[in-house]
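Geometric and topological summary
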Amino acid sequence: MTALTVRLRTYRPQRRYLPVLAALALLVGAYGFGAVRYPAFGSGQVVLDIFIDHAFLLVVAVGATFVILTGGIDLSVGSVAALSTMASADLLQHKGWPAYAVIPVVLALGALLGFLMGLVIHYFEIQPFIVTLAGMFLARGLCYTISTESISIDNPTYTAMAQTPITLGAGLHVSPSVVIALVVVAIAWYVLHFTRFGRTVYAVGGGERSALLMGLKVARTKVSVYTISGLCSALGGVLMAFYTLSADPLGAVGMELDAIAAVVIGGTILTGGSGYVLGTVLGVLVLGIIQTLITFDGTLSSWWTRIVIGVLLFVFIALQRLIARRAR
Amino acid sequence: MNDTAEILRMTGIRKRFPGVTALDGVDFRLFPGEVHALMGENGAGKSTLIKVLTGVEGVDAGSIELAGAAVAFAGPDQAQLAGVSTVYQEVNLCPNLSVAENILLGREPRRFGRIQWSRMRKRAEELLARLDLRIDVSAELGTLSIAVQQMVAIARALDVEARVLVLDEPTSSLDAREVEQLMAVLRALRADGMAILFVSHFIDQVFAIADRMTVLRNGKLVGEYRTSEITQVELVTKMIGKELAALDEVSERSAATGPELVATDGLARAGGIEPFSLTIRRGEVVGLAGLLGSGRTELARLLFGADHADHGTVDIDGRRVQLRSPRVAMNQGVAFCSENRKTEGLIAELTIRENIALAVQAGRGWLRPLSRRRQLELAAQYIEALDIRPADPEAVVGTLSGGNQQKVLLARWLATQPRLLILDEPTRGIDVGAKAEIQRLVATLSADGMAVLFVSAELEEVLRLSHHVAVLRDRKVVAQLANEGLTPEDIMATIADGGRS
Amino acid sequence: MIRNLATDRGRGPAALTKHRLFWPAAALIALLLGNLIVSPRFFAVEIRDGHLYGNLIDILRNGSPLILIAVGMTLVIATRGIDLSVGAVVAVSGAVACVELGSTSILLAIGAALGLCLVLGAWNGWLVAGLKIQPIVATLILMVAGRGLAQLITGGQIVTVQNGPFLAIAGGYLLTLPLSFLIAMAVYALTSLVVRRSALGLLLESVGGNPEASRLSGLRSGRLIWLCYVFSALCAGVAGLIISSNVTGADGNNAGLWIELDAILAVVIGGTQLTGGRFSLGGTVIGALLIQTLTTTVYALGIPSQETLLFKAVVVTVVCLVQSPAFRAKLVKRRRRPESPAVAAQPEKVEVAS
């Protein structure tokens, strides 16, 4: 007994993993709670459904993770995602482009928007908040210039992506979008942890001046993260088009908040320099599981989701404050 | 030593910033296998010279040769590639990354673009072993002590094929044992043929390690000396120089001073100033003399509650007080003019009137405003008393000259009618006329019974005004002298020998 | 000497105000004139049913919630802060008022709505001033949770109201002018009065202009900053009442959607920098009117109203670029020295001549 206590006490997770572990504990707790209360909740498909329903959010949040790790913020992600679905739908339905030409074009468009915002942020030293706000207006405005009505998509490639399940055996299945989202997560994880660019992202978040004096390529890194965020948002928009098979100029409103919330709940610190892309996956899952729990409950209304997310945001931000204060 | 060719030669370096000439025709040379100290008071141009060398700033005139080839670095990264590595005063690393990354980021071992973490850790361990440091290289840098962080910064500097190592005040946050460790490392590197440029305010350290020193003053070269051929007193004299401008004689200091106003006992703050006990009487001017970095400002800030003391007590007017915040000190009648007018003093975008009224208004809270008429009266009173120009209370403070800004800051505090006025470098960077006016004002105020703590790097000024002088060196009060016939030479000798005689 | 001061007093602030409000005012006038050229009837104001009627009056009437919120936001931004939660607070305020109107009198309903807004503002202020969380992050919490709260209050329904006095908040007229605009102007005038007559304005500008210097002047900034967030929430609460009165109901999802961004924009256009310090309430009002005119213009031109967003994007970009010191420095450098030295312009190039 004493030996066990000693061993337990000697295991101290590193401080930087604490927020991620907290998110994991929350996720496991919420899942356990759901599984005990609702028998249907325990089936693995519930978890997979969360992935299916939130694949696009996951991709967008991965992009936002890059930006937030450098200490920036990107408010344009929702609008850029919406623009990408609108552009896809327009090119497919009205211009008759083939899907394999449309997808690269909208991805390039998202990346270009991000790249431009990155340039303005870095070279004109304007707060990312306000630049990406302008970007948000711009992208949303462009949505409306394409169409003020929603457009439904009947392109065979898109419908195939939407309706072909990938079976995993034991009655479980995911959509192709989930696979794409997980590939994006894997690439992001590899880039952040095994490339010089990825480590420079962390270095910029830890201290831009220091990174500059260390001889790192700060300018290139900062512009790149916004480009990546734009690219991820556009890809998220494409996945959203797969998911809904329609495009709405009012789509993905408030998605930037969900993305930021997922990143923060996943343990990434909003001042930059600390966090993990796997934490962001956990953050998205936490958001998803809360929604699922509330749906399962039946008596709770959907707006509780937002309230609970707000409370979680507060708890996690306060936790970050506490850790930061203890570190000093 | 002279038979080896110099590795670095800077000739006729000139650098102007808007309003100031930071470097004016400075020459500097550095040989392999030597530690060369760059000495000078604050504002002498040491940091600018280092920035010019490492490519942070461009030069307006002059040339830099590295191993005989002319170079002009466009940034620190280029300087590093060419073999000039720098360790800055504040550790300029990323606290959120691991030790290994901080040492190797930007040139980490990679294969097909993939960072090889195990090789990276091994390499970092090897580099730290060179500095006789064995720590977990995957630990987050921010969790380690400042001393270790400094070592990591040096390890980073060494990893490149460094031929020139620049250390900008590397010891300012280290304790004695850590300094010794660093010195040992520097000696070992010197033995390997490294050329080391070393900047420090700690005279003992410079004499312990440097082979040669170059002294700058006001952006100009004073000279280059071998450590063995110069004494500490001579060095201090050369750094401080002589005040050239003749100032009016300040009226006689009032002889008699009143009862004790402030008394500290063992007041101290880790990393700022070691325990000191100081008393200041009403109507007395106490001068703080010492080089920059000797703890003058840190001492003054403790008395104002701008920083928190770790140890010791303060009594004001015989009552024990806890100076938790500037507001508490203000309520006790303490006022503090910071040496950094821009960052800690004035609100540049506000007007003269608003800046002068600020401290009084802060004391009253926002619900009891000074009427605009009262503000204008205050402004008019001090504009006249201190001859602030332009004499327009609505002029924006950021547009004023340095001397007038200083007067506005002074006016803000005089308006609170303090009992103790702390002036940190009130005459730095202002013209001679304004300087004389401020000195005269200090004499008048003390004659009227105000206690003044006067901090200045200019010894003549301190001696002209002070009844008592506390001498600081290396973050310690090393002597407290009554100003009876003291000369600048006495003070310099005290600084140089650390009050040992 | 004193006589000199007296004349300076008259000249100084007047010259300053003119300078600071010149560009936003010029932009507003230019936009209005543009409208006049496109549709000569744009300025036409007529009297119908005893009150004024016309495009200009519409701008004043529809712009009043934005003016209110932007006035509150100005004080927050002056302290180097930002309040993202105002849109959510608008929704909460409208929700409480409309739900309470079902059971109590109008005064109690309004009191309950504004009371809750004060609590929400106090919460924001506590996060920023007490816990010292960055303002963007701190107010993000309520921005996310607030709309959920609003829907919780309304039970997820769009609650409609028929109460005459309540509907008069947005629809009523006093002395021929829209009541909502008069409310906004009253809040603006009162705020200006309090801020400039008390020491609040001076202290806020100090805190925003140089926080460390303010601390060393004995200023206790915490309480002041807290107060700004409370005030901002109160303004948003009043705006929420106007908005829900205007649409005769409370819509937790859409009431005040994105108005925080418009308000920030109005403040920035009005000449108050996001980095804090000097602020101009008058400029903010002009900024808010400019945005409202833009919306009305787009509508009058027959462009789909949603496309105002494109114009806003352009306006934000231009205003921010003009305010950015880095941008101005680069512009000046280019103009003065066409071939700037390689060192400054191309930080990634090295010249090693042997």
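My aim in this report is to walk through the structure given alongside it, one point at a time.

So, how was this worked out
Residues numbered from 1 in each chain as written. Chains lettered and ligands numbered in written order. Predicted model: local features only at pLDDT ≥ 70, side-chain atom pairs only at ≥ 80, totals over all residues. Heavy atoms only, no water. Contact = heavy atoms within 4.5 Å. Buried area = accessible area lost by both parts, 1.4 Å probe. Salt bridge = Lys/Arg side-chain N within 4 Å of Asp/Glu carboxyl O. Helix = DSSP H or I, 4+ residues; strand = E, 2+ residues; numbered from the N terminus. Buried < 20%, exposed > 50% of the residue type's maximum accessible area, 1.4 Å probe, protein only. Polar contact = N/O pair within 3.5 Å; in protein donor to acceptor, adjacent residues only side chain to side chain. Axes fitted to C-alpha atoms, helices over the stretch in contact; angles between N-to-C directions. Parallel < 35°, antiparallel > 145°, perpendicular 65-115°, else oblique. Left-handed = near helix turned anticlockwise from the far one by under 90°. Nonpolar A, V, L, I, M, F, W, Y, C, P; charged D, E, K, R; others polar. Pairing = 2+ DSSP bridges.

Moving on, we come to the interface of chain A and chain B. Taken together, the contacts link 24 residues of chain A with 26 residues of chain B. Interface area, chain A with chain B, both sides summed: about 2,100 Å², of which 51% is carbon and sulfur. When the area that chain A buries against chain B is broken down by residue, the three leading residues are R196(A), L213(A) and M214(A), summing to 35%. For the pair chain A and chain B, the number of links is 2 salt bridges.

This part takes up the pattern of salt bridges. Counting across every chain of the model gives 32 salt bridges over all chains. The partner of R123(B) in a salt bridge is E126(B), and the shortest N-O contact between them spans 3.6 Å. Of this pair, R123(B) and E126(B) are both found in helix α4 (residues 117–130), 3 residues apart, which corresponds to roughly one turn of the helix. Under the relative-accessibility criterion, R123(B) is labelled partly exposed at 33%. Using a relative accessible area of 41% as the deciding quantity, one classes E126(B) as partly exposed. Salt bridges linked by common partners bring R301(B), D307(B), E344(B), E212(C) and R215(C) together as one network.

A word on the interface of chain B and chain C. Contact residues are listed per partner, giving 42 residues for chain B and 41 residues for chain C. Both faces considered, chain B and chain C share a buried interface measuring about 3,400 Å² in area, 63% of it formed by carbon and sulfur atoms. In terms of surface lost to chain C, no three residues of chain B exceed A74(B), E349(B) and W366(B), which account for 19% of the buried area on that side. Viewed at the interface, chain C and chain B are joined by 2 salt bridges. Where E212(C) meets R301(B), a salt bridge forms, and the shortest distance between an N and an O atom there is 3.9 Å. Viewed at the interface, chain C and chain B are joined by 9 residue pairs in polar contact (both at pLDDT 80 or more). Tallying contributions element by element places helix α12 (residues 352–364) of chain B first for the side of chain B that touches chain C, with 5 residues.

The next point concerns the packing of helix α7 (residues 179–197) of chain C against helix α10 (residues 221–246) of chain C. All names here are of chain C. At a closest axis distance of 10 Å, the pairing of α7 and α10 adopts a crossing angle of 170°. Taken together, α7 and α10 sit at an angle that is classed as roughly antiparallel. As α7 runs across α10, the sense of the crossing is right-handed. Between α7 and α10, the contacting residues are S180, I183, V187 and T191 on the first element and F231, C235, V238 and I242 on the second. Partitioning the contact of α7 with α10 into residue classes produces 6 nonpolar, 2 polar and no charged.

Glancing now at the sheet that holds strand β23 (residues 476–482) of chain B. Residues and elements named next belong to chain B. The strand order across the open sheet built from 6 strands is β19-β20-β21-β16-β22-β23, with neighbouring strands paired in mixed fashion. Both outer strands of the open sheet, β19 (334–337) and β23, are each paired with one neighbouring strand and no more. Taking each pair of neighbouring strands and ignoring which way they run, the sheet shows an average axis angle of 15°. Here strand β16 (residues 285–289) pairs with strand β21 (residues 451–455) via 4 bridges, running parallel. Across the sheet, V286 pairs through a bridge with L453, a residue of β21. Packing of helix α9 (residues 296–304) onto the sheet brings it into contact with β16, β19, β20 (420–424), β21, β22 (468–473) and β23, and relative to β19 it is tilted by some 145°.

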